[in-house]
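Descriptive analysis of the structure
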Amino acid sequence: MTHAQSPLRVFITGSAGFIGFHLAQRLLQEGMRVHGFDGMTDYYDVTLKQRRHEILAQSAQFSASCAMLQDNTALEGAVKQFAPDVIVHLAAQAGVRHSLENPRAYVDSNIIGTFNILEAARQAQVAHLLMASTSSVYGANTQMPFAETDKADTPLTIYAATKKATEAMGHSHAHIWNIPVTMFRFFTVYGPWGRPDMALFKFTKAILDGKPIDIYNNGEMYRDFTYVDDLVTAIRLLIDVPPPAPGHQSKPLKGDSLSPAAPFRVVNIGNSDKVRLLDFVATLEAKLGLTAQRNYMPMQTGDVPATWANADLLRSLTGYAPQTRIHDGIGAFVDWYRDYYQV
Ligand SMILES: NC(=O)c1ccc[n+]([C@@H]2O[C@H](COP(=O)([O-])OP(=O)(O)OC[C@H]3O[C@@H](n4cnc5c(N)ncnc54)[C@H](O)[C@@H]3O)[C@@H](O)[C@H]2O)c1
């Protein structure tokens, strides 16, 4: 994809969210035009979302709409007016645990919302549509590391099921309308400006407040943690690698998930490393200089004991793979947290 004459125009949904904010910052730094679309849902502290958008708004190259994906008139209007070259769809009802309490929010945002994005991408004839899926789609798989070509037919929560559905919907639109679609499967993203419902944020807050932290499955949990700057670099590079239409691939790649029926591909973005939860907590304690009160709990319904990404395809496509060490990433998060909350 070349953008030598005029800056690339990228429409980002979920731009006030954790990942969308970081991605928008990166693309603006590169001189691109960015339109952010976010409904500012109250799933977590809206002030954090507003603050992220305020920072993005310091760039003259950034514009934004505040509306829900389900409001198709607002979405269609924003896409039409901005006329993007590329759409990166990150807005979603996220979170594995909340999907047990409020499953309908996932169907509304992730299924209806994503359908509206697919239609908007079709009408705008974008050069590339990139959408966020999740490692949760690997569900009950036990073969590790998880590869994109593995079967992923055992989602364990409505969150995972809706994300798997968006992959299928993305494939059908890619096939019928010939829209190049890349689906990312993210693995536990963390870093500054992170999500208050995720472990690192919750643990940091609880430890600083002198409150206990809940450690599920008695600590026998493993996660492939991906530092947000690494993730954003991977997304940035993948923007330039739209999947080719069937019959147009120059040379086959080992382990490619490219569809035989559509310009469609699924790509894991992870560190290719799994960290034990108890080591994660110990690293956080060392950085904070405090000891956590541990509240050992059984495994939560719908949760999985481990995730671990095979990131070979990302490396083959872009020459890049995330590599920030957990110690450095946690350090950057704690520095941000202390500064932001003045603690
Ligand atoms: N953070 C992770 O570890 C992780 C892991 C796997 C997948 N993902 C996926 O990555 C994407 C971004 O996640 P995040 O961590 O930045 O989450 P986030 O909750 O911080 O950001 C999502 C943003 O989307 C907005 N939003 C939600 N539903 C909306 C709707 N219906 N209409 C308009 N806006 C809406 C929210 O207001 C929020 O600002 C999501 O699709 C998520 O499922 C994230």
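Remember, predicted model here, so these are calculated numbers, not experimental data.

Reading the values: the criteria
- All residue numbers refer to positions counted from 1 along the written sequence of the respective chain.
- The predicted origin of the model limits local features to residues at a pLDDT of at least 70 and limits the giving and counting of side-chain atom pairs to 80 or more, whereas totals for whole chains, interfaces and linings rest on all residues.
- In this analysis, residues qualify as near a molecule or strand once their C-beta atom, positioned from backbone atoms, comes within 6 Å of it.
- Helix and strand assignments come from DSSP, with helices taken as H or I runs of at least 4 residues and strands as E runs of at least 2, each series counted from the N terminus.
- To estimate the expected span of a helix, subtract one from its residue number and multiply by 1.5 Å.
- For every residue, the other C-beta atoms within 10 Å of its own C-beta are counted; 20 or more classify it as buried, 12 or fewer as exposed, and values in between as partly exposed. C-beta atoms are placed from the backbone.
- What the arc covers is the set of directions going from the helix axis to the C-beta atoms.
- Residues are treated as contacting if the C-beta atoms built from their backbones sit within 7 Å of each other.
- The pairing criterion for strands is at least two bridges between them, as found by DSSP.
- The quantity known as pLDDT measures the predictor's confidence residue by residue, on a range of 0 to 100.

Around the ligand, the structure places 27 residues, and the nearest of them are G14, G17, G39, A92 and S109. Those elements that provide at least two residues to the shell around the ligand are α1 (18-29), α5 (103-124) and β5 (128-134). Here the element with the most residues in the shell around the ligand is α1; it accounts for 3 residues.

Glancing now at helix α11 (residues 326-341). Side chains that are three or four residues apart share a direction in an α-helix, a result of its 3.6 residues per turn. Taking 1.5 Å per residue as the helical rise, α11 with its 16 residues ought to reach 22 Å, and the 22 Å between its terminal C-alpha atoms agrees with that figure. Residues G329, I330, F333 and V334 constitute the buried set of α11. On an axial view of α11, the arc spanned by its buried residues comes to 130°, and they lie on one face. Residues of α11 that are exposed and point more than 90 degrees away from the buried face comprise H327, D328, D335 and D339. Along its buried surface, α11 packs onto β7 (189-190), α7 (199-209), β10 (226-227) and α9 (277-288).

Here we take up the pairing of strand β11 (residues 264-269). Within β11, 6 of the 6 residues are buried, which leaves the element mostly enclosed by the surrounding structure. Residue alternation in β11 divides its side chains into two sets, F264, V266 and N268 and R265, V267 and I269, and both sets are buried. Where strand β6 (residues 181-186) and β11 come together, 6 bridges link them in parallel fashion. In the sheet register, M183 faces β11, and the bridge partner there is V266.

Quick look at the environment of M68 now. In this structure, M68 sits in the loop between β3 (62-65) and α3 (72-82). Note: C-alpha distance between M68 and F37 (31 residues apart in sequence) is 8.2 Å.

Right, let's talk about the confidence of the model for the protein chain for a bit. On average, the protein chain scores 96 in pLDDT, and the residues at 70 or more come to 99%. Here helix α4 (residues 98-101) stands out as the element of the protein chain with the lowest mean pLDDT, 92, in contrast to strand β1 (residues 9-13), whose mean of 99 is the highest.

As a further point, take α7. Within α7, burial applies to A199, L200, F203, T204 and I207. The arc that holds every buried residue of α7, seen down its axis, measures 125°, which confines them to one face. Among the structural elements, β7, β8 (212-215), α9 and α11 are those in contact with the buried residues of α7. Looking one or two residues beyond α7, the residue adopting positive phi is G210, at roughly 70°.

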